[in-house]
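Take a look at the letters that make up each chain.
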Amino acid sequence: MAKLIAQLRFIAGALALAVLVAVAAPTSAPAQVNPTTSAVKEQQLLNALQGGAISGRVSIPDQKSGNLIQPGGRDWRQFHEVTLVWIGAIAILGMVALLAIFYFWRGPVRIEAGRSGRTMLRFNGFERFVHWLTATCFIVLGLTGLNITFGKRLLLPVMGPEAFATWSEYAKLVHNYLSFGFTIGVILMFLMWISVNFPNATDAEWIKRGGGIVGKDHPPASKFNAGQKLLYWLVMLGATAMIVSGYMLMFPFYGGMTLANIELATVFHGVVAMLFVAMILAHIYLGTLGMEGAFEAMGEGTVDVNWAKQHHSLWVEEEMNRGASDPKAMARPAE
Amino acid sequence: MARMKFLCDADRCIECNACVTACKNEHEVPWGINRRRVVTLNDGKPGERSVSMACMHCTDAPCAAVCPTNVFYTTADAIVLHSKDLCIGCGYCFYACPFGAPQYPKVGNFGSRGKMDKCTFCAGGPEADNSKEEYEKYGANRLAEGKLPLCAEMCSTKSLLAGDGDVIAQIYKERVSKRGYGSGAWGWQTAYRENIAI
Amino acid sequence: MLIKRQERQTRRSNLAAAIGNQNGGLDRRSFLRKSGLAAGGLAAVGALPLATVRKAEAAGPAVAGATIRKNICTHCSVGCTVIGEVSNGVWVGQEPGWESPISRGSHCAKGAATRELVHGDRRLRYPMKLVNGQWTRISWEVAINEIGDKMNAIRAKSGAESVYWLGSAKFTNEGSYLFRKFAAYWGTNSCDHQARICHSTTVAGVANTWGYGAMTNSYTDIRNSKTIIFMGSNAAEAHPVSLQHILEGKELNRANVFVIEPRFTRTAAHATEHVRIRSGTDIPVIYGLLHHIFKNGWEDKDFIRQRVYGMDDIRKEAEKWTPEEVERVTGVPEAQMKRVAEKFAKEKPSTLIWCMGATQHTVGTANVRAFCILCLATGNVGAPGTGANIFRGHTNVQGATDLGVDVVTLPLYYGLVEGAWRHWSRVWETDFEWLKSRFDTPQMMNTPGIPSTRWHDATLLAKNDVAQKDNVKAMIVFGHGGNTVTRMPHAAEAINKLDLLVVADPHPTTWAVLGERKENTYLLPVATSYETSGSRTSSNRAIQWGEQIVKPIFESKDDLEIFYLLAKKLGFEDKFFKNIKVNGNLPVAEDVLREINRGGFSTGYCGQSPERLKSHMAHQADFDMKTQRATTGPNKGDYYGLPWPCWGTPAFKHPGTPLLYNTNLSIKEGGGTFRPRFGVEREETLPDGTKRKVSLLADGVYSKDSEIKDGYPEFTLGVLKKLGWDKDLTAEEMAVIQKINPTTPDAVSWAIDLSGGIQRVAIEHGCTPYGNGKARANAFGLPDAIPVHREPIYTPRPELVAKYPTLPDAKQFRVPNIGFTVQKAAVEKGIAKQFPLICTSGRLVEYEGGGEETRSNKWLAELQQDSFIEINPADAAERGIRDGSWCLVYGPEMPSGKVCRVKALVTERVGKGVTWMPFHFAGWFMNVDQRDKYPKGTDPVVLGESVNTITTYGYDPVTGMQEPKATLCQIRAA
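Computed from a predicted model, the values in this text were never measured in an experiment.

K.L.:
An account of the overall build of chain C is needed here, citing residue identities and associated values.
P.N.:
Scanning chain C for helices and strands turns up 34 helices and 34 strands. Expected size for 974 residues packed as a compact globule is a radius of gyration near 30 Å; at 27 Å, chain C falls within 12% of this value. Overall size of chain C, expressed as C-alpha extent along the three principal axes, is 90 × 75 × 65 Å. Burial status across chain C gives 64% buried among its 974 residues. If you take every contact in chain C between residues at least 6 apart in sequence, the share linking residues at least 24 apart comes to 73%.

Okay, structure coming up:
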């Protein structure tokens, strides 16, 4: 959050400017008004502003052009070219490494009771549509986004400048447009699953028992266990950050946005994106390689009853009870 | 080899905007794109100073560093130029630029930007010198004709200096020592990490 | 990554060699030429040995195959050289005019954007007229025919005086001269131009003080000043390139620069001190300074004794202006006044620069007189670094004034008297009696016309109130905005009442949209100055010849051609162009200038032949910037542009006069003396009733090399005879003199001697042809012989009106001036309470005049996109107005309920209680957007409210100058 500090510095700078102006007034007291010698000096302003922008009046409507010098760009450059690259590299590569280690050490989580042959509906068509809409958008957004940070380092030497520029231009376009799909997906997901994602006592128990990821323990869980709920809320939080900061970047300088706001938005967008990507990598792992019988939940929508009992015992109970009144929701034999 | 720089002597700048329209004239810069602009500090108060600002052609240019597609290049005269063919209009150079130099034509809906445009120190771009393509994309290439940027050449009070950094620094130093005051070489510390010692 | 191309590197290294520090010494000239750096900056510091300076070679064309043409920027009077690169008849590029000893390559925003003017997206393309309220294209032939017929019809019904000729400061000298001549041949003196509303009061005030109504020194001469006062001048925006010389001079001399102004301007930002005064109190400020000067004995006593008449009267008036009273009226504290006074009087040479802030007042002439008196009292006239430096506003406003586009003079200040008319009829070789017959009555020939500020009064007032046969029925407007004259709502009514409106201009202008006309309105597309060739006179009286850069675009025509077509239509083209060759329909500009030379003796416009002027332009590099004198080449010894007076015939080779009244030089080298224009002596009545005669001739002071070592009157043949110098006249000269006045040749003076002989002989003897007199501190004959403070008509300080009232109502220039009545009513009605803010106006660097040209220029228009009003943060806060928001402004004379909608610029540039608006905007009129009323495609890019919708009544009694600088208004948030 170095940037947040920088943001605060901007504010401090503005205050300092106000002080400077206030201080300038007495020197211009009627005794000897001498604009030549009391001229505003660059160094003075830079010192007073502590890295904030030096701004003045311009007659053209583009008011941001009134920023004469904004050394803050330097911090942003440092962030974008160094900090963010490291954050991204560590988060993503680190997650991949972690998952690999986990995979080799723990291996996939098996259905202990073996497949029952009976399946039950876990996610209906709409739920799956929303998930995959969001997921597709996320993957494309992630890749096109990573291109901005890593493309010139990884792809450019391979593709050559012209091809890379063409790819990047389309990538940018796609990134901008798919943001709408992603936004819709996230909103639907929020509405669709919020009711089953409020934390409760079961979750505390689940967490206490480490979710059963390690060892053979299987703490009870409803439709979503505490880990999934955490993912849900992290996705909601992360997506909100991505969407808000993303639209700020897509509509720059609207509604009185300052350059500092936008720089801050890119910081959020970049950092959250890297963490988000890392987190989703873990999610993908658990939904595919990491757990037997998990993928089909989002694939076909149904899961094996034994899988369900193992991971979401309470949910199975709920469904069974509900099944009495709603035959459609009942578990049915696999064909 | 000369190291080209701009220097605006704010004690001479009267915000006449000749630099701005000279630039428009020389390069047929469209409405809404301001390769150069004049900012007035402490407007209306004693100590008011105006400074003409454009791309300063920084040493270790931040725009070049942050560009995701590496469109920037530095000429032998240390002029920072860019290729519009490779630009994707992401706006990052504007975020990094300490001087607000990069400009974007507005294209399409929402905030989508066209290819970045900025001061070229009247040195065109990667195309052949003074070719039609170069003129259309970047404007005139005066340096190739042995001339310096028109903004400085037409400056009403000889406030805006352009040329070999050592020479213009010398001129500025002499001015300051002769007249006894100087508000500083605006932007030099930020752009070139140096100040003119007086 | 992109790879730099190799050849570029090599070329760059050549460039580096060209501008870099080679062989241990810098080739300064070529470096500067290429770099645009301050020649002054370097020369000034003198750190580099001048021995290394090499002469610059003539610069070759920059664009392969392009032709280089030189013209003069039209946007102010500095006279910056515009270099156009023309390829296939298209103006493709603009380059800096390095060789100009005035601009040295520089421009302001307008000059650097002039090329756009000729590209002309928004130019009027062909003649148009209103048919039932619709703009309709017509041919030139139809236009000229219909206009001519309508003029003749008005002439037959209402008389020649009912046609008003409004000309332009953007005419070349040749255009100005022909325009004035045209009015004369038409038969009226109602012929005016922008000088009325800019420096008419200067011309009157200055000429009444020491002879000629023009800038005494020059822009470059200000480099010599040690103390500079700007009063009512914001040169940084109005004359930016002049600041190059002023700022450099200030730096080198460590000069004091005082800006005495109600507003903290861009000029004030570079001053050493800003003195904030209340608008309209210039005279008390000057008396306040003089009070300190006289009290401390800082005046130049020798100078006053030898060269000034009537300073004692000033001394008495100044005594009344105690520091307390000065502070009460102007708001300036004693200490500051004393400081300014001391520096101006003691740190010499000192100069006073003024502009519209001083001239545009009901007391404009008196203001100007006060400034001259301050210069005289401190001995700051007639030497380098001193003087009354009057910055004028257009390329050729000086020239147009000189050439008589004015209601009180014929060309070159020959007055409206029979002798002057006879002089010009001799030059024109037109019968004097025929000229006389053109006027409604013979008396009208010698009656001053109606000033441009009052044309709408002359249209709308009852017929009996206008002292001519009938009201003004037709306006023929050449290159003059409609929004620069005050009281626009009144003018809009008058436009509706006109029988004929002809607008000849590159743009339709405000005239085309202000009224609700349906018929009898013509627009004629006229070429800009860049599309014509001819001479232009800068403020410093230097004349530059501009070449046509490109042919007139679209169907535009040169002014001169239109005059020819109209003269032909009216049937006097043979008489009119008797000595002027006409190519096709286009009169030859060179021939027009030669005719000016033949008659221009009074002002020394006689020596500047087209050949000499063209040679100056071709060899600009030969002239030294600081002295303006050619040090080498074919014009060696000449001052750049042969600043008038340039005595004698061109063959006499007078070098021009860079500084007026400079006794340190011999007349032959450009020296001069004060001009005794008001007699050689005056009878004064002393307090005890006795009378005495006081000489108005200089006392024991004379110009260098003068054979007469004292004051002397103007030269006539009679005077030459008395001195025995008549023998020096050649037989040819004598023959010409005899022919001018066969009965009493002795009465033929230097001003009407068409041979130039009298001038030549006087100058050979070291004497000024016009004599050697005293400047007048007491200008008897003016309404106020010494300057008297008079409150503005709409003053924010009504309590001061009783003590300082405006002059009584009177009839001036054929129309009543009821300023006194208006002022009285304003005080009685408590206008200052309802409209508590001072409203003053001024110029922006991006725009010029009425602004049609510049607001149509997209490069300039982008920089100022809305009309605005500057308001102090305190006043804005009281009214809930935010910076950049819309606000509504209204003035005491606007129709009730009407407002002007402008952007608020909340700034400390203006003090509390003061507002300021630029005067360039038009096209919105009292909150109505008039864009649709322009012919399609000719609407300026930027439209906005004009400040003159708000400005009010008030006219200077001497010149009819309007009062846009001190009136009142009120503002509320939109």
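That was the structure; now back to the text.
K.L.:
For the interface of chain B and chain A, give the residues involved together with the corresponding values.
P.N.:
Taken together, the contact between chain B and chain A spans 41 residues of the former and 50 residues of the latter. Elements supplying a minimum of two residues to the side of chain B that touches chain A: β2 (37–41), β3 (49–53), α2 (62–66) and α3 (92–96) of chain B. With four residues, β2(B) is the single largest residue contributor to the side of chain B that touches chain A. Grouping the constituent residues of the side of chain B that touches chain A by class yields 20 nonpolar, 14 polar and seven charged.

K.L.:
Describe the pairing of strand β9 (residues 256–261) of chain C, naming the residues involved and giving the relevant values.
P.N.:
Residue and element names in this part refer to chain C. Across the six residues of β9, six count as buried, placing the element largely inside the fold. Both faces of β9 are covered, namely the face carrying Asn-256, Phe-258 and Ile-260 and the face carrying Val-257, Val-259 and Glu-261. Relative to β9, strand β8 (residues 227–231) runs parallel, the two being bridged by five bridges. By the bridge assignment, Ile-229 is partnered in β9 with Phe-258. Bridge analysis of β9 against strand β10 (residues 273–276) gives four bridges, and the strand direction is parallel. Across the sheet, Phe-258 pairs through a bridge with Glu-273, a residue of β10.

K.L.:
Mind laying out the sheet that holds strand β30 (residues 914–918) of chain C, listing which residues take part and the relevant values?
P.N.:
Residue and element names in this part refer to chain C. Sheet architecture is closed into a barrel: six strands sit in the order β26-β30-β27-β29-β28-β34, paired in mixed fashion. Neighbour-to-neighbour, the strand axes of this sheet turn through a mean angle of 45°, independent of strand direction. Bridge count between strand β27 (residues 868–871) and β30: two bridges; the pairing is antiparallel. Note that in β30 the partner of Glu-870 across the bridge is Trp-916.

K.L.:
Account for unusual backbone geometry, with residues named and values stated.
P.N.:
All names here are of chain C. Of the consecutive residues Lys-348 and Pro-349, the connecting peptide bond is found in the cis state with omega at 0°. Its location among the elements puts Pro-349 in the loop between α14 (334–346) and β12 (350–354). Following Trp-644, the chain continues to Pro-645 via a peptide bond in cis, the omega torsion being 0°. In this structure, Asn-520 takes a positive phi of about 55° despite not being glycine. By the element assignment, Asn-520 lies in the loop between α22 (511–514) and β16 (521–525). Asn-520 gets classed as partly exposed once you count the C-beta atoms within 10 Å, which come to 16. Its identity as a non-glycine residue notwithstanding, Arg-814 has a phi of 75°, on the positive side. Mapped onto the secondary structure, Arg-814 falls in the loop between β24 (810–812) and β25 (815–817).

K.L.:
Explain the packing of helix α4 (residues 125–154) of chain A against helix α6 (residues 161–193) of chain A residue by residue, including any values.
P.N.:
All names here are of chain A. Interhelical geometry of α4 versus α6 gives an angle of 145° and a closest axis separation of 7 Å. Considering the relative orientation of α4 and α6, their crossing is left-handed. Residues belonging to the contact of α4 with α6 are distributed by class as follows: 15 nonpolar, ten polar and one charged.

K.L.:
Give me the lowdown on the confidence of the model for chain A, citing residues and values where you can.
P.N.:
Fine structural detail should not be taken from predicted coordinates in areas where pLDDT scores are low. Residues and elements named next belong to chain A. The predicted model of chain A has a mean per-residue pLDDT of 80, with 83% of residues at 70 or higher. Low pLDDT, under 50, characterises residues 1–35; the predicted model gives this stretch 47 contacts beyond four residues in sequence or across chains. The low-confidence segment residues 327–335 (pLDDT under 50) makes 14 contacts with residues lying over four places distant or belonging to another chain.

K.L.:
Describe the domain arrangement of chain C, naming the residues involved and giving the relevant values.
P.N.:
Residues and elements named next belong to chain C. Here chain C is partitioned into domain 1 (6–52), domain 2 (128–197 + 397–587 + 608–622), domain 3 (200–390), domain 4 (650–776) and domain 5 (798–973). Between the C-alpha centres of domain 3 and domain 4 there is a distance of 30 Å. Contact residues are listed per partner, giving 21 residues for domain 3 and 19 residues for domain 4. Class assignment of the residues belonging to the side of domain 3 that touches domain 4 gives a composition of eight nonpolar, ten polar and three charged.

K.L.:
How would you summarise α4(A) if you had to cite specific residues and measurements?
P.N.:
All names here are of chain A. Of all bends in α4, the biggest is about 65°, found at Ile-148. Residues of α4 that are buried: Val-130, Thr-134, Cys-137, Phe-138, Leu-141, Thr-144, Gly-145, Asn-147, Ile-148, Thr-149 and Gly-151. On the buried face of α4, the contacting elements are α3 (72–106), α5 (156–159), α6 and α9 (259–287).

K.L.:
Report on the packing of helix α10 (residues 282–295) of chain C against helix α16 (residues 364–377) of chain C, specifying residues and quantitative values.
P.N.:
Residue and element names in this part refer to chain C. It is at 9 Å that the axes of α10 and α16 come closest, and there the two elements cross at 15°. As summarised for this structure, α10 and α16 are arranged roughly parallel, according to the angle between their axes. Seen from above, α10 lies across α16 with left-handed handedness. Residue-level contacts link Asp-282, Ile-283, Ile-286, Leu-289, Leu-290 and Ile-293 of α10 to Ala-366, Asn-367, Ala-370, Phe-371, Leu-374 and Ala-377 of α16. Across the contact of α10 with α16, the residue classes break down as ten nonpolar, one polar and one charged.

K.L.:
Hey, could you go over helix α18 (residues 418–428) of chain C for me, with residue numbers and the actual values?
P.N.:
Residue and element names in this part refer to chain C. Restricting attention to buried positions, one finds in α18 the residues Ala-420, His-423, Trp-424, Val-427 and Trp-428. Relative to the axis of α18, the buried residues are bounded by an arc of 130° and lie together on one face. Contacts made by the buried residues of α18 are with α25 (589–599).

K.L.:
Can you lay out the environment of C:Glu324 for me, pointing to particular residues and giving the numbers?
P.N.:
Residues and elements named next belong to chain C. Checked against the element boundaries, Glu-324 lands in helix α13 (residues 323–330). Given 9 C-beta atoms within a 10 Å radius, Glu-324 is considered exposed. It is 9.4 Å that separates the C-alpha atoms of Glu-324 and Gly-288, two residues lying 36 residues apart in sequence.

K.L.:
Quick rundown of the environment of C:Ile869? Include the residues and the values.
P.N.:
All names here are of chain C. With respect to the helices and strands, Ile-869 occurs in strand β27. On the neighbour-count criterion, Ile-869 (28 C-beta atoms within 10 Å) is buried. Every residue in contact with Ile-869, bar those within four places of it in the chain, is listed here: Cys-887, Val-889, Val-902, Ala-904, Leu-905, Thr-915, Met-917 and Ile-971.

K.L.:
Now, about the sheet that holds strand β31 (residues 923–925) of chain C: what can you tell me, with residues and values included?
P.N.:
All names here are of chain C. The strand order across the open sheet built from three strands is β32-β31-β33, with neighbouring strands paired in mixed fashion. On the outer flanks of this sheet lie β32 (928–929) and β33 (944–945), each paired with one strand and no other. Where β31 and β33 come together, two bridges link them in parallel fashion. Bridged to Gly-923 within β33 is Gly-944.

About the criteria used
Throughout this document, residue positions are counted from 1 along each chain, in the order its sequence is written. Each chain takes a letter, starting from A, and each ligand takes a number, starting from 1, following the order in which they are written. A pLDDT threshold of at least 70 governs which residues receive local features in this predicted model, and a stricter bar of 80 or more applies before side-chain atom pairs are shown or counted, although totals over entire chains, interfaces and linings include all residues. Helix and strand definitions follow DSSP, with helices as H or I runs of at least four residues and strands as E runs of at least two, each counted in order from the N terminus. Throughout, the radius of gyration refers to the C-alpha atoms, and the reference size of a globule is 2.2 Å times the residue count to the power 0.38. Partly exposed residues are those whose C-beta has more than 12 but fewer than 20 other C-beta atoms within 10 Å; with 20 or more the residue is buried, with 12 or fewer it is exposed, and the C-beta atoms are placed from the backbone. Here, residue contact means that the backbone-derived C-beta atoms of the two residues sit within 7 Å. The nonpolar class holds Ala, Val, Leu, Ile, Met, Phe, Trp, Tyr, Cys and Pro. Asp, Glu, Lys and Arg form the charged class, and all remaining residues, Gly among them, are polar. In short, DSSP must find at least two bridges between two strands for them to pair. Structural elements are reduced to axes, namely lines fitted to C-alpha atoms, with helices fitted over the stretch in contact, and the angle between N-to-C directions of any two is expressed from 0 to 180 degrees. When the near helix sits turned anticlockwise from the far one by under a right angle, the crossing is termed left-handed; a clockwise turn instead gives a right-handed crossing. Values of pLDDT, which run from 0 to 100, indicate the predictor's confidence residue by residue. Domain delimitation in this document rests on an assignment produced automatically or drawn from a domain database. Think of it this way: the bend at a residue is just the angle between two axes, each fitted to seven residues, one set ending at that residue and the other starting at it. With respect to orientation, any angle under 35 degrees is reported as roughly parallel, any angle over 145 as roughly antiparallel, any angle of 65 to 115 as roughly perpendicular, and every other angle as oblique. Directions drawn from the helix axis to the C-beta atoms are what define this arc.

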